[in-house]
Each structure stands twice: as C-alpha cells, then as structure tokens.
Amino acid sequence: MQYFVRSSPHQIRRTPAGVLLCLLMLALSMPLAARADGDGGAAAAKKKNAPPPDVVVFTNGDQISGTFVRAVGKSITFHSDMLGDVTIPWSKVKTLHTHSKLAVLAGSVTIRHRHLPPEIPIGTLSLANSMLTVQPTQPAPAVTFPVKRAQYVLDKQTVAKELRGAPGWLQAWNGTLTGGATVVQATQQEFTFTGGVALARTVPTVPWLNTRSRTTVDFSGSYGKIKQPAYSYVSGTPPAITYVPASITKSAIYHADAEEDRYFSPRFYALAQTSFDHNYAQNLDLQQAYGGGIGWTTIKRPKQELDLKISLQYEGQTFIQATSGQNQTLFGSTVASVYQLKLPHNMQFVQNVSYIPAFNNTAAYSGSETDTVTIPFFKNLSFSFGTIDSYLNDPPASEPPTKRNSFQLTTGVSYTIKSKY
C-alpha cells in the first residue's frame, strides 16, 4: 500500500506507509519518555532529600545502618533493609546515632490531656560509653543519662498514636479461645464438651503508658452426659439376661462475666461488673449479679501481676427444682483476686479466686477458684489445662442429690486472639 503526497500543484510524490508508521510511533513515545524521565527525577530527588540512616556500631566493630524502631528493657529493635527487624542487646552496642526523633522513658507514665509530661526527653539519640544522650530541638539543652535507665525508647509516630488515638470497640482485644472434648463408646456411652473464651482490652495498648481503662469478658462452659446400660442375670439353665432402663448422669456448668475498669491512679480503679452462673449439680438454674466497687493492683511487674477487688452488688438466685421461697434476691459483696504469672518458654499461669457473701442472708454465700496453665506449641496454638472449683452453701434438695461443691479438671487446645490497633 502506498500513500500519495502532493508536493506542488503539478507534482505528486509517493511516500511508503512504513515511514509514516515510524513517525507516528516516535510521536507517541516522546510523552512516555518524558514521563519516565520525570518519575525517575522525582525518585532521585526523593532519595536525595531522604534523611540519613540511623547507625549502630557493635562492640566487635561491625555496624549496620537503617532505622531505629524501639527499645524495651535491655534490648533494642533495629530495622535494616538487608536483615529486616533485628533485636540487639544494649550490652552489644558500642555507639548509636539516630536522625529520627525518639522519646525516652524510664518507666510507665501517666498522661494528662493526651500529652506526655514535659520532663520526658524527645529528640535524636547518640550512645557512647554506656551513656545515652537525647538532643531535643534547639534551644533546649541535651539530656544525658546511663542507658540502663532507658526502659522504653519509642519513635515519635508511635507516641503520637497512643497519646491521641483511641482504638475502636473491635480493636485491641487480646485473649484465648479454648475447646476440648471427650467421647467414649464402650460398655458405657460418655461425652463431655468444654470450652471457653477470655478477652481483655486495655487502653492505652502499650506498657509504657499507665492504664486508663480495661474491659474483660469471659465465658466458660462444660456439658457432659454418661449413659450406663443396666442389665441383670436371672438364674436358670441357661441363665437369662434381663435389661432394665439405662441410667443417665448429666452435668452442665456455665459461667460468664464482664467487667469495666476505670483507673483514677496507676494502681487504683473503679469497676462495674456482672456475672452469670448455671450449675446442674448444685440445682442452680441461674445466679446473676450486678455491682460496682474498687480495685487495687498490688503487684505490677513485667512477669507477674496481682489485682485485689471488692464490690457491692445485687444478686438473684433461681433453682431448677425449688419450693416456695427458695428462689431469693440477695444484697451482698464480691471479694476477688486475679493473679497472672509469665513462666519460661512463654507459658502462663492465671488464677481467679472469689468469695461472695450475702448481707441479708448470711447462709447464702458462695465462692469459686479457677486455675489455668497454657503452654504454647505451634504459632497461636497452646495446650491448656486447669481446674474449676465452685461452692454454693445453700442449694435446695433435689433429685439427683444436690452437691454443694463441684470440681472440674479441664484440658484442651487454646487459640490466641489478638486484634490489631
């Protein structure tokens, strides 16, 4: 195919189509090349204007460059493009120089009006001879102190998020989901199901700020049934076997509670709580309690914590088999303790103990103790075992016979729940 181009009124010149196609492609490529040059220039300018990297020099002379992430206790977290996030003990760091602004805290602090106390130094860091120097924005003077006093070192963005942000109701929840089962099909038929959910939400979500509020939600349940076929021999030749109706033994124990804590000091808080209990062995259909009180964190250490609580409450008791007057309304109190201990290899022990007296009927008291040990074995999965012991002093007589005390030994697999913030 050929195109005809008139070069003069009296002359027509033939131009190959390939030449026109080349000219068209050249015209289209010029804007793309200009755009690529512009992007490359912008990237180069951005790289040129980027702040210098942070630098860590080790005691053996090696060094890495990248970004200082955080420091907690005796180690720091440093990000390198080649190595990713690495954890380095302070004792292995000879010198450190950062260009990002960081906040240095000697321990947990209480915030007022969403601001850190003015005595908290924020600025660039340098470390030499085990002495950490914080250089705030001029004209503030530099602050120097031993590195062992730096319990927390945090970047400015994290500090701003925790100070001024507020997690939504579906964020910042931590806890476990536990389940277990036993099934037997032999001379007897038996099955037991156990499960539970334990969730906690603490605000702020970081340990370097003292807690302002805490919400806990718990549920545990156990349901079982044993069916024992019954039969008897009748003498004779040959002996005969006579079957009688099977005996069935049932167990059903459920507990649920929720609590909201509001701290008015680093160790003391006001609380509102509610709880619900059902126990077939105790002839208890429902025991419900609603109350409020105060709590005290008597021990607060990195590996263990102990809370003591006391509250006043309304309590209602209804029973499965009850005569007139046995269902009752009570006014009483709950005295409780919660103990948490972190064991080696990320194992954990949690104990809950409560005593519930009634003021208008001194015989109607109850109590419980729950002990749980979790042992991680794969990612978010843990093996858990524990005991649940509950006591009710005044259950009415029933058939089958009522038990004042019920005891459970539970085992199962737990899944760790952690929602992001």
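Details of the structure are given in the entry above.
Throughout this description, residue numbers start from 1 for each chain and increase along the sequence as written. The predicted nature of this model means local features are confined to residues of pLDDT at least 70 and side-chain atom pairs, given and counted, to a pLDDT of 80 or more, with totals for whole chains, interfaces and linings taken over all residues. With hydrogens and water set aside, each side-chain value is computed from the structure's full complement of heavy atoms.

### So, the overall build of the chain
Test applied: Helix and strand definitions follow DSSP, with helices as H or I runs of at least four residues and strands as E runs of at least two, each counted in order from the N terminus. The cut-offs for exposure are 20% and 50% of the maximum accessible area for each residue type, with area from a 1.4 Å probe on protein chains only; residues under the lower value are buried, those over the upper are exposed, and the others partly exposed. Reported accessibility uses the Shrake-Rupley method at a 1.4 Å probe radius. Residues are deemed covered only where the shown protein chains occlude them.
Along the chain, the regular secondary structure elements total two helices and 24 strands. For the chain, with 421 residues in total, the buried portion stands at 30%. On the chain, roughly 26,000 Å² of surface is accessible, and the fraction owed to carbon and sulfur atoms is 61%.

### Some details on the pattern of salt bridges
Formally: Salt bridges are identified by distance alone: a Lys or Arg side-chain nitrogen within 4 Å of an Asp or Glu carboxyl oxygen.
Per the counting criterion, the structure on display carries five salt bridges. Of the charged contacts in the structure, one is a salt bridge between Asp261 and Arg214, with a shortest N-O distance of 3.0 Å. In this pair, Asp261 sits in strand β16 (residues 240-263) while Arg214 sits in strand β15 (residues 213-234), placing the two residues 47 residues apart along the sequence. For Asp261, a relative accessible area of 1% translates into the label buried. Bridged by salt links that share partners, the residues Arg214, Asp261, Glu305 and Asp307 form one connected network.

### Regarding the nonpolar core
Stated formally: For this analysis, a nonpolar core means a set of buried residues of the types Ala, Val, Leu, Ile, Met, Phe, Trp, Tyr and Cys, connected via side-chain atoms within 4.5 Å. Contact criterion: two residues are considered in contact whenever any of their non-hydrogen atoms come within 4.5 Å of each other.
Grouped together as the largest cluster of nonpolar side chains are 21 residues, with contacts concentrated most on Val56, Phe68, Ile76, Trp90, Val104 and Val153. Elements represented by at least two residues in this core include exactly β3 (54-58), β4 (63-72), β5 (75-80), β7 (93-97), β8 (102-105), β9 (122-128) and β10 (131-135). Sort the elements by how many residues they give to this core and β4 lands first, with three residues. Excluding residues that lie within four positions of it along the chain, Val56 makes contacts with Asp62, Gln63, Ile64, Ile76, Phe78, Val93, Thr95 and Leu96. Of all hydrophobic cores here, the second largest spans 12 residues; its members include Ala103, Leu105, Leu116 and Ile120.

### Topic: the side chain of Gln328
Mapped onto the fold, Gln328 is located in strand β20 (residues 328-342). Its relative accessible area of 17% is what places Gln328 among the buried residues.

### Overview of the side chain of Ser333
We count it as follows: Whenever a nitrogen or oxygen atom comes within 3.5 Å of another N or O atom, the pair is scored as a polar contact, on the condition that within protein one atom can donate a hydrogen and the other can accept it, and that pairs from neighbouring residues in sequence are kept only if both atoms are in side chains.
Here Ser333 shows up in strand β20. Polar side-chain contacts of Ser333 include one of 2.6 Å to the backbone oxygen of Ser311.

### Here's the deal with the packing of aromatic side chains
Selection rule: Between rings of Phe, Tyr and Trp, where Trp is taken as its six-membered ring, a pair exists when centres lie within 6.5 Å; planes separated by under 30 degrees are stacked, by over 60 edge-to-face, and by other angles tilted. Only when the NZ atom of a Lys or the CZ atom of an Arg is both within 6 Å of the ring centre and within 35 degrees of the ring normal do we say a charge sits over the ring.
Counted according to the given criterion, the structure contains 11 aromatic pairs. Measuring from centroid to centroid gives 6.3 Å for Phe191 and Tyr223, while their planes differ by 40°, and the two rings are tilted. With Phe191 in strand β14 (residues 189-203) and Tyr223 in strand β15, this residue pair connects regions lying 32 residues apart in the sequence. For Phe191, a relative accessible area of 28% puts it in the partly exposed group. Clustering of aromatic rings is evident, with ring pairs tying together Phe276, Tyr290, Tyr314 and Phe331. Positioned above the aromatic ring of Trp169 is the side chain of Arg201, whose terminal nitrogen or guanidinium carbon lies 5.0 Å from the ring centre. Taking the ring centre of Tyr269 as reference, the NZ or CZ of Arg214 above it sits at 5.2 Å.

### Things to note about the environment of Gly175
Take Gly175: it is sitting in strand β13 (residues 173-185). Spatially, the C-alpha atoms of Gly175 and Val217 are 9.4 Å apart, while their sequence positions differ by 42 residues. Dropping the residues within four chain positions of it, Gly175 is found in contact with Ala198, Leu199, Tyr415, Thr416 and Ile417.

### Considering the environment of Val353
Counting through the fold element by element, Val353 comes out in strand β21 (residues 348-356). Given a relative accessible area of 30%, Val353 falls into the partly exposed group. Distance from Val353 to Glu369, taken between C-alpha atoms, is 4.4 Å for residues 16 residues apart in sequence. Ignoring sequence-local partners within four residues, the contact set of Val353 consists of Val335, Ala336, Ser337, Ser368 and Glu369.

### Quick notes on a nonpolar patch on the surface
Inclusion rule: The patches reported here contain residues having more than 30% relative accessible area and no salt bridge. Joining distances are 9 Å for like charges and 5 Å for nonpolar side chains (Val, Leu, Ile, Met, Phe, Trp, Tyr).
Nonpolar side chains collect at one region of the surface, where Phe377, Phe378, Phe383, Phe385 and Val413 lie side by side and expose about 480 Å² of accessible area between them. When contributions to the nonpolar patch are tallied by element, the ones reaching two or more residues are β22 (366-378) and β23 (381-392). The topology assignment puts Phe383 in strand β23.

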